[in-house]
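# A closer look at the structure
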Amino acid sequence: MPVTKKVSLGNKHIEQQQLLSLINNMADGVIATDENGLVVLYNGAALNILDSNASLTSKKLNQICSLIDKNNQQVDFSHLVLSSKKSHNTRDLRIKYSDNSAINVYLSIAPVKLGYGKNDQKGYVLLIRDITHEKSLEDERNEFISVVSHELRTPVAIAEGDISNAELLVEKGADLTQIKRILSQAHTQILFLSGLINDLATLGRAERNALELDIEEINPHELVQELVDNYTTQATGKGLDIKAKLDSNLQLLKSSKLYVREILQNFITNAVKYTEKGHVIVGANQKPSGVMFMVSDTGIGISKADQDKVFDKFFRSEDFRTRSTNGTGLGLYVVLKLAHLIHAEITLTSELDKGSEFFIFVPNLK
Ligand code: ADP
């Protein structure tokens, strides 16, 4: 039973019914109290937000819900309302439920007159809206901006420093090999930035579900060999051995070549990045309904606890060996989004200080 009417509107019965129906149909919770802060009227949405089935009539605000602030401190709801001299609102409070879960709310408090003429009473009208989803998007956006600006700053600063050094050296007529070395350092940073921009662009499109699936025939043998060739200079430059391990009866696979390549590239980039010595193997095995690709390394490995988180947006391990490399924590998040689009399944096995194996089963699509 949502709205309980205690406010008399005299003979204006129809008007009153319309008003009650309007309040009952509002998506936001509405609660009106008398001047002592006792509830006189409320709607169904208010009961939903308060997660209550019981009547709120004549109850004090403190009795109907537990409000907490940003620091999880209890807020005296009745006092907050009764001390309001003019309308105001806040987006910083949360309602805490008996099971200790909480939602973020928009709360507007307005001191009003309830009723007309002789029945004139003072009171307060509260509007409550669940903004948990909006809040989490806001938090995510703020985190996104801070991570991205932080990740941009370092490579931009290095590249800028390198290029101005190179200019100085040119003016001084310095040795060309020295200038070339500095420019190549700047080049590496620019390549990182362009990788980051690509990740962000793919992420943006994946999140808007605007990615199109272009299904074509993929030759897994050729794809793996091509990737291994592309990464050979980078891997051998670090003293790593990189090779392909291919099933002899690999068949053509129908899927998105672009996404399968992008996923494998992410795995290989990480394998090379997080491995100091040993090898990186890129493999493909024929399965009845598709191909199982594998990228394994003998690198720093991923702890059990981190294995659950590596596909989360922005996640980077706290391990100092991870932190000493450049990265945004977006690569595997994008990988998961792309894998989802092509109905592929990813599994990860890893042991700290031993290495990691990322498997992805890519099914044949129609
Ligand atoms: P980034 O490499 O930019 O940090 P990713 O999303 O590609 O972001 O990876 C997330 C995290 O997962 C990395 O920061 C790292 O901690 C861990 N990780 C991914 N691949 C490997 C790997 N092959 N070996 C060890 N750790 C890895």
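None of these values were measured; they are calculated from a predicted model.

### Structural notes on the site of the ligand
Near the ligand you find 21 residues, and of these Asn270, Tyr274, Arg316, Thr328 and Leu332 are the closest. Interatomic distance of 3.1 Å between a side-chain N/O atom of Lys273 and an oxygen atom of the ligand. Backbone polar atom of Gly329 to an oxygen atom of the ligand: 3.1 Å apart, as the coordinates give it. Of all the secondary-structure elements, those providing two or more residues to the shell around the ligand are helix 8 (257-273), helix 11 (331-341) and strand 14 (355-363). No other element matches helix 8, which puts 3 residues into the shell around the ligand. Grouping the constituent residues of the shell around the ligand by class yields 9 nonpolar, 9 polar and 3 charged.

### Here's the deal with the environment of Gly204
Along the chain, Gly204 falls in helix 6 (residues 176-207). On the basis of relative accessibility, which here comes to 24%, the residue Gly204 falls in the partly exposed class. For Gly204 and Val170, which are 34 residues apart along the polypeptide, the C-alpha to C-alpha distance reads 41 Å.

### Examining the environment of His88
Along the chain, His88 turns up in strand 5 (residues 88-96). Owing to a relative accessible area of 32%, His88 belongs among the partly exposed residues under this scheme.

### What about the packing of helix 5 (residues 132-171) against helix 6?
Close contact between helix 5 and helix 6 brings their axes to 9 Å; oriented N to C, the two are set at 155°. The angle between helix 5 and helix 6 places the two elements in the roughly antiparallel class. Of the two elements, helix 5 crosses helix 6, and the hand of that crossing is left-handed. Tallied by class, residues from the contact of helix 5 with helix 6 come to 21 nonpolar, 4 polar and 2 charged.

### Focus: the confidence of the model for the chain
Per-chain confidence: the chain averages 90 in pLDDT, with 94% of residues scoring 70 or above. Considering only residues more than four positions removed or in separate chains, one finds that residues 4-9, a stretch of pLDDT under 50, has 19 contacts.

Basis of the calculations
- Residues numbered from 1 in each chain as written.
- Predicted model: local features only at pLDDT ≥ 70, side-chain atom pairs only at ≥ 80, totals over all residues.
- Heavy atoms only, no water.
- Near = heavy atom within 4 Å.
- Polar contact = N/O pair within 3.5 Å; in protein donor to acceptor, adjacent residues only side chain to side chain.
- Helix = DSSP H or I, 4+ residues; strand = E, 2+ residues; numbered from the N terminus.
- Nonpolar A, V, L, I, M, F, W, Y, C, P; charged D, E, K, R; others polar.
- Buried < 20%, exposed > 50% of the residue type's maximum accessible area, 1.4 Å probe, protein only.
- Axes fitted to C-alpha atoms, helices over the stretch in contact; angles between N-to-C directions.
- Parallel < 35°, antiparallel > 145°, perpendicular 65-115°, else oblique.
- Left-handed = near helix turned anticlockwise from the far one by under 90°.
- pLDDT = per-residue confidence, 0-100.
- Contact = heavy atoms within 4.5 Å.

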